[in-house]
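As a plain string of letters, each chain reads:
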Amino acid sequence: MQKYRFFKGFFLCLMVAVLTATSTLAQDGEKMREKIEQLKRTKLVEILELNENAAEKFFARYNQYESKVNQAFKDAKDAVQELNARVDHKAPASEISQQSEIVLQKQNALHAAVEEKLKGMKPLLTEEQYAKFIVFENKFTQTLREILQKRKK
């Protein structure tokens, strides 16, 4: 029951932070991204109960993996945009097929980068911390996506 209250409170705080951040989206998208990352880091330290030394080691490795994931995400997004452009401009079927394969490759690379990040963090954490980390990573992304979708509507 206490965990439920924690997650309820956490997601309420997350929602407020994201809504506050999205209100400034038109002004500066980078500031919003930074606020979300700060919130994510703060919550990770809190949930994983990391001391200063452990947090330093954790985020040194986390940042390395996160940059790989972000690059893989950007590559996948760019490949989808290119596919969309080819479809919109009625490119030949062979070009569309080729670009579709590239999209699949980029999405597989994104999946691999996320998996590498999750596996790479395990040596720094206890089994319980690792389980909490995996749950947090999934819930944070899912909750953020839901909030942003609601905000769009």
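That block above? That's the structure.
This section reports on the structure supplied with the text. (Residues numbered from 1 in each chain as written. Predicted model: local features only at pLDDT ≥ 70, side-chain atom pairs only at ≥ 80, totals over all residues. Heavy atoms only, no water.)

Take the pattern of salt bridges next. This model, assessed by the stated rule, comprises 12 salt bridges. Here Arg33 makes a salt bridge to Glu30, at a shortest N to O gap of 2.6 Å. Of this pair, Arg33 and Glu30 both sit in helix H2 (residues 29-48), three residues apart, which is roughly one turn of that helix. A salt bridge links Lys74 to Asp78, with the shortest nitrogen-to-oxygen separation between them at 2.8 Å. One end of the pair, Lys74, and the other, Asp78, are both in helix H3 (residues 52-88), four residues apart, so they sit about a helical turn from each other. A relative accessible area of 43% places Lys74 in the partly exposed class. Classification of Asp78 by relative accessible area gives partly exposed; the value is 32%. Residues joined in a network through salt bridges with shared partners are Lys40, Glu66, Lys117 and Glu137. (Salt bridge = Lys/Arg side-chain N within 4 Å of Asp/Glu carboxyl O. Helix = DSSP H or I, 4+ residues; strand = E, 2+ residues; numbered from the N terminus. Buried < 20%, exposed > 50% of the residue type's maximum accessible area, 1.4 Å probe, protein only.)

What follows concerns the side chain of Lys40. Summarising the element assignment, Lys40 is placed in helix H2. A residue is classified by how much of its surface remains accessible, and Lys40, at 6% relative accessible area, is buried. Here Lys40 is in contact with Tyr62, Glu66, Lys117, Phe136, Glu137 and Phe140, once residues within four sequence places are set aside. (Contact = heavy atoms within 4.5 Å.)

Moving on, we come to the layout of surface pockets. In this structure, the largest pocket encloses a volume near 1500 Å³. Forming the walls of the largest pocket are 30 residues, and the residues nearest its centre are Asn70, Phe73, Thr141, Leu144 and Arg145. Contributing elements (two or more residues each) for the lining of the largest pocket: H2, H3, helix H4 (93-121) and helix H5 (127-152). Top contributing element to the lining of the largest pocket by residue count: H5, with 11 residues. Tallied by class, residues from the lining of the largest pocket come to 11 nonpolar, seven polar and 12 charged. (1 Å grid on protein atoms, 1.4 Å probe; cavity = no way out; pocket = protein on both sides within 12 Å on 5 of 7 lines; lining within 4 Å. Points joined across faces, edges and corners; volume = space filled by probe spheres on them. Nonpolar A, V, L, I, M, F, W, Y, C, P; charged D, E, K, R; others polar.)

As a further point, take the packing of H3 against H4. Between H3 and H4, the shortest axis-to-axis distance is 9 Å and the interhelical angle comes to 165°. With respect to H4, the axis of H3 lies roughly antiparallel. Along this stretch, H3 crosses H4, giving a crossing that reads as left-handed. A class-by-class count of the residues in the contact of H3 with H4 yields 19 nonpolar, four polar and 10 charged. (Axes fitted to C-alpha atoms, helices over the stretch in contact; angles between N-to-C directions. Parallel < 35°, antiparallel > 145°, perpendicular 65-115°, else oblique. Left-handed = near helix turned anticlockwise from the far one by under 90°.)

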